[in-house]
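# Architecture and fold: a report
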Amino acid sequence: MRGQSCRGLLLPSAPELIMTSKSLLLIAALLLSQAVARLSARGVPTPMATGTAAPTGEINGISIFATAVTEEDRMTTPSARMWDEEPPVRAENIYTGPTQNLLEQLLEGYSMDLRPGIGGPPVDIDVGFAVQSIDQVSEINMEYTMTMMLSQSWIDPRLAFNSSSVSEIPLAGATAEKIWIPDTFILNDKKSFKHTVTAHNRLLRLSSDGKVLYNVRITTTAECKMRLKKFPLDTQTCTLELGSYGYANRDVAYHWRTDQEPVSGMTHVELAKYSIVRFDTLTGNVTRDTGDYSSLRMTFKMERNFIYFMIRTFFPCVLVVVLSWVSFFVHHDAVPARVGLGITTVLTMQTLMSGVNASLPQNAEIKAIDVYLLGCYVFVFGALLEYALAHNLYRGTKAAALKAATAPPVPEGGGKHGKKKGKGSSCSENGAASGQSQAAAAAVLAKLSTGNSVDRHARWLFPVAFALLNVVYYVVYYYLPENDIASLFTQY
């Protein structure tokens, strides 16, 4: 029976509402049973799968069961295990717990702003480093770039501990921000940076006696004052100087470590232009405008590899000079060939000089390479001037000789006052004229050879002079000390 209408709307009757409710309960029961089946198929225990079910009623012809869940079934559900069971104890907590407590006790009340034993004797800092590479040595900027692992160790009584389980505590690098670290810097540094890939490359270890070991990997570009008077037959000495920026020598004293080599890795460094022949470590003090400071210095001596410059510079210069001598064997009349060869060698020499000077500092100091390049340039330019001289002599001699050869011979006793000669004397006159022509031709050939004589002398004079230049050059710059070489250019 339909319900009564209210203002044109039809309302469902009570039996229809009951039937709708039964349908909804039926759908909910079916969905619940499907969910239980899926959980059972996955192996997840459920109360419906393990409990005892009993019919509790019937709705619209469908029996409804209520499942009795036992305490054992309840404890097998994941949610019960999550909330009722205690979490397992992590195994590492057994070991890190006491160490963590020890570290917290050491840092409690610790002041990283005050050095160890302030007011007492200076803190001894033992320093050493391992050189990984020397990447670049620049003569233009007078600097070198070095990558190294710098180690520092000192005693901090505030961090001493007594533990039967550990004698040394390796700490993360971030702990260095919580304890006192010496403000070590590189005195001749231009720019530096710490390596951070894949994490900050630093190490921190704490010993039971309060000894702190701090290691950091850095790359520094340091100044190196070079003397290039004997370049490229020179040796250079560069330094790396360490010290404290803010603590004077009454607060901090630097020493090279003695438990192992203070500097390692220098013997394995390979450079393209140099060979490291020796290195030394020194300890001293540096006076700055704010006081006296303890410092450490490492010096290393580098010998330049002459073979590198022999192949790149000296050998090409010798070839260009020798090439300029080819013009001595070309005939004088081949003007385009000789002039073109001379100009080409001069321009090539100029290019070599520009390339070498581009890699050197632009200063007023006269270097050995400048002397050699200038000498080669003089020889090349001299070969060009030699052709100008020889060609000028050749042309002048040729013109004078041809003029003399083509001039008519003057007969003996000729003229209007001369005596008439008979037929018998004509043959003798013709013979005399022929002899004079041959003599004139011989004189022309002799005079034309004057230009060739210049070339013949140049063919041996230029090589001998160039060989003498090389001998004097290498003797002076290889064996004489640098001060003696400098006096050769300054005494006059």
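Given the structure is predicted, the values throughout are model-derived calculations rather than measurements.

## What about the overall build of the chain?
Counting its secondary structure elements, the chain contains 10 helices and 16 strands. Burial statistics for the chain: of 492 residues in total, 32% are counted as buried. The contacts in the chain between residues at least 6 apart in sequence include a share of 74% that link residues at least 24 apart. On the chain, roughly 30,400 Å² of surface is accessible, and the fraction owed to carbon and sulfur atoms is 60%.

## Side note on helix α6 (residues 306-324)
Its 19 residues give α6 an end-to-end C-alpha distance of 25 Å, which sits within 8% of 27 Å, the value for a rise of 1.5 Å per residue. Residue Phe314 marks the point of greatest curvature in α6, where the axis turns by about 35°; the proline Pro316 follows within four residues. Within α6, the full set of buried residues consists of Phe306, Phe309, Thr313, Phe314, Cys317, Val320, Val321 and Ser324.

## A few points about the side chain of Asn188
Structurally, the position occupied by Asn188 is in the loop between β8 (184-186) and β9 (189-194). Among the polar contacts listed, one links the side chain of Asn188 to the backbone oxygen of Thr239, at a separation of 2.8 Å. For Asn188, the residues in contact, after removing those within four places along its chain, are Tyr144, Thr221, Ala222, Glu223, Thr239, Leu240 and Glu241.

## Some thoughts on the UniProt feature "transmembrane region" (unreviewed entry) in the chain
Using the residue numbers shown here, the UniProt feature "transmembrane region" (unreviewed entry) corresponds to residues 306-330, 339-359, 371-389 and 460-480. Within residues 460-480, the helical portion is 95% and the strand portion 0%, while the C-alpha atoms at the span's ends are 30 Å from each other.

## Some thoughts on the pattern of salt bridges
Scanning the model with the defined rule gives 12 salt bridges in all. In this structure, the salt-bridge partner of Arg304 is Asp234, at a minimum N-O distance of 2.6 Å. Remark: Asp234 occurs in the loop between β11 (211-223) and β12 (235-244) and Arg304 occurs in strand β16 (residues 291-304); sequence separation between them is 70 residues. Pair check on accessibility: Arg304 and Asp234 agree, each one buried. Here Arg338 makes a salt bridge to Glu386, at a shortest N to O gap of 3.3 Å. Pair noted here: Arg338 is in helix α7 (residues 335-358) and Glu386 is in helix α8 (residues 368-406), with a separation of 48 residues, a long-range link. Judged by its relative accessible area of 1%, Arg338 falls in the buried class. Taking relative accessible area as the criterion, Glu386 reaches 8% and is therefore assigned buried.

## Focus on the sheet that holds strand β15 (residues 274-288)
Taken together, the four strands give an open sheet; going across it, the order is β8-β12-β16-β15, and neighbouring strands pair in antiparallel fashion. Strands at the two margins of the open sheet, each flanked by one partner only, are β8 and β15. Mean inter-strand twist for the sheet, computed between neighbouring axes without regard to direction, equals 20°. By the bridge criterion, 14 bridges tie β15 to β16 in an arrangement that is antiparallel. Note on β16: the bridge partner recorded for Arg278 is Lys301.

Scoring rules and cut-offs
- Residues numbered from 1 in each chain as written.
- Predicted model: local features only at pLDDT ≥ 70, side-chain atom pairs only at ≥ 80, totals over all residues.
- Heavy atoms only, no water.
- Helix = DSSP H or I, 4+ residues; strand = E, 2+ residues; numbered from the N terminus.
- Buried < 20%, exposed > 50% of the residue type's maximum accessible area, 1.4 Å probe, protein only.
- Contact = heavy atoms within 4.5 Å.
- Areas by Shrake-Rupley, 256 points an atom, 1.4 Å probe, with all protein chains shown as cover.
- Expected span 1.5 Å × (residues − 1).
- Bend = angle between axes of the 7 residues up to and from the residue.
- Polar contact = N/O pair within 3.5 Å; in protein donor to acceptor, adjacent residues only side chain to side chain.
- UniProt positions renumbered as here; feature names shortened; annotations may be inferred.
- Salt bridge = Lys/Arg side-chain N within 4 Å of Asp/Glu carboxyl O.
- Pairing = 2+ DSSP bridges.
- Axes fitted to C-alpha atoms, helices over the stretch in contact; angles between N-to-C directions.

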